[in-house]
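# Remarks on the overall topology
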Amino acid sequence: MKALALLSGGLDSTLAIKLILNQNIEVSCINFTSPFFQGSYPERIADRFGISLKIVKLEDDYLKMLKNPKYGYGRNINPCIDCKILIFKQAKSYMEEIGAKFIITGEVLGERLMSQKKDVMRLIEKESGLSGLVLRPLSAKLLAKTKPEIEGWVNREKLLAISGRSRKPQIKLASEFGIKDYPTPAGGCLLTDPGFAFRMKDLMKHSPNFGLNDIELLKIGRHFRLSPYFKLVVGRNEMENIRLKGLALDSDIIFEPENGPLGLGRGEFDEEWLVFSSKIIAKYCDGKTTLSIQSKEIKRQITADKEENIKKWMIIPKNPFV
């Protein structure tokens, strides 16, 4: 008997795997990453248990789903239900490829309010073609019996009845299993972060055909929406300056002051926005400064005084264009 585990690398998925391995079932693992989420070193868990691991990067398919999720967004711009359906569909294909009979996850009933409720769990399984084939060992006794339990592939009595957001039961179980070096809960998906989500909403509104490069740009710098068609990103340190240069497209404008943070302009612009962008960057240079401005079609210098009132242009709720 063989099962496929969805492994994030966190404590819950680690414990779920251990519970199934303890029933002498062979387990293989699959880990999913996206532009908004990376697992907690799943290789370490796979190595610890001596099991195979496949890592899948969700990129174009994920962005397509994000632009128009069938089941909508959560509190910020997180399409948790559609995300789970996408992941489960991919897992189902791999499960069939390797000859596994069912899928196990570290999901805990009620731990995540949007996607870990009984009715939503059933919906996700149905939409992904996995009805009755997803076993959640940590909460199994609180859920309807799955095919692995009905068929006797696993012993339901050796599964658990954990629910809610407290991690005390998992920590206690980890201690019993001698598992000590597990990661603390991280921030998780960026789409659930209010600050990042606001930038994401601005991007989706003004650049609906956004791509992976646009997403990476959202992760760094200070962002300013100067018009519905033009935005400016200003680095906060030397590392971000380097990343901005690396993300620059041929159509972007690079603003490089004599002594201060790099700026990247993206979108349709005119002379007014070149000058105003220079003034915003000068604000972070402690006064009047000369900037080299360069793109595929432009190469010049501008000397600019600092713009005092920059907050209203930042991508925050008070911005008039957002």
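Check the entry above for the structure.
Note that the coordinates shown come from a computational prediction; the quantities given were computed from them, not determined experimentally.

All right, on to the nonpolar core then. In a soluble, globular protein the nonpolar side chains are often hidden away together inside. If you look at the biggest cluster of nonpolar residues, it comprises 37 residues, and the most contacted ones within it are Phe36 and Met200. Mapped onto this core, the elements with two or more residues apiece are strand S1 (2–6), strand S2 (26–33), helix H3 (60–67), helix H4 (80–98), helix H5 (118–127), helix H8 (194–206) and helix H9 (212–218). Among all residues touching Phe36, those that are not within four sequence positions of it are Tyr62, Leu63, Leu66, Gly188, Cys189, Leu190, Leu191, Phe196, Met200 and Ile215. Counting residues in each nonpolar core, the second largest holds 20 residues, with Phe224, Ile253, Ile280 and Ile310 among its members.

With parallel pairing, the five strands of this open sheet are ordered in space as S3-S2-S1-S4-S5. Every other strand in the sheet has two partners, leaving strand S3 (53–57) and strand S5 (134–135) as the edge strands with one partner each. In the sheet, S1 pairs with strand S4 (residues 102–104) via three bridges, with the strands oriented parallel. Note that in S4 the partner of Ala5 across the bridge is Ile104. The strands that helix H1 (residues 11–21) touches are S1, S2, S4 and S5; relative to S2, the one it contacts most, it runs at about 165°. Lying on the sheet, H4 is in contact with S1, S2, S3, S4 and S5; it crosses S1 at an angle near 150°.

So, on to helix H11 (residues 271–283). A rise of 1.5 Å per residue sets the reference length of H11, with its 13 residues, at 18 Å; its end C-alpha atoms lie 19 Å apart and thus fit the reference within 8%. Of the surrounding elements, those touching the buried residues of H11 are strand S6 (222–227), strand S7 (230–234), strand S8 (253–257), strand S9 (263–267), strand S10 (289–294) and strand S11 (299–304). Put simply, Asp270 is the residue that caps the front of H11, since its side-chain oxygen is 3.1 Å from the backbone nitrogen of Glu272.

This next bit is on unusual backbone geometry. For Asn24, which is not a glycine, the phi torsion comes out positive at approximately 60°. Checked against the element boundaries, Asn24 lands in the loop between H1 and S2. Taking relative accessible area as the criterion, Asn24 reaches 73% and is therefore assigned exposed.

The next thing to look at is the layout of surface pockets. Over the atoms rolls a probe the size of a water molecule, and its path tells where empty space is left. When its volume is computed, the largest pocket comes out at roughly 1600 Å³. If you list the elements that add at least two residues to the lining of the largest pocket, you get H1, S2 and H4. For the lining of the largest pocket, the element with the most residues is H4, which contributes five residues. By residue class, the composition of the lining of the largest pocket is 19 nonpolar, 20 polar and eight charged.

Definitions and limits used
- Residues numbered from 1 in each chain as written.
- Predicted model: local features only at pLDDT ≥ 70, side-chain atom pairs only at ≥ 80, totals over all residues.
- Heavy atoms only, no water.
- Core = buried A, V, L, I, M, F, W, Y, C linked by side-chain atoms within 4.5 Å.
- Buried < 20%, exposed > 50% of the residue type's maximum accessible area, 1.4 Å probe, protein only.
- Helix = DSSP H or I, 4+ residues; strand = E, 2+ residues; numbered from the N terminus.
- Contact = heavy atoms within 4.5 Å.
- Pairing = 2+ DSSP bridges.
- Axes fitted to C-alpha atoms, helices over the stretch in contact; angles between N-to-C directions.
- Expected span 1.5 Å × (residues − 1).
- Polar contact = N/O pair within 3.5 Å; in protein donor to acceptor, adjacent residues only side chain to side chain.
- 1 Å grid on protein atoms, 1.4 Å probe; cavity = no way out; pocket = protein on both sides within 12 Å on 5 of 7 lines; lining within 4 Å.
- Points joined across faces, edges and corners; volume = space filled by probe spheres on them.
- Nonpolar A, V, L, I, M, F, W, Y, C, P; charged D, E, K, R; others polar.

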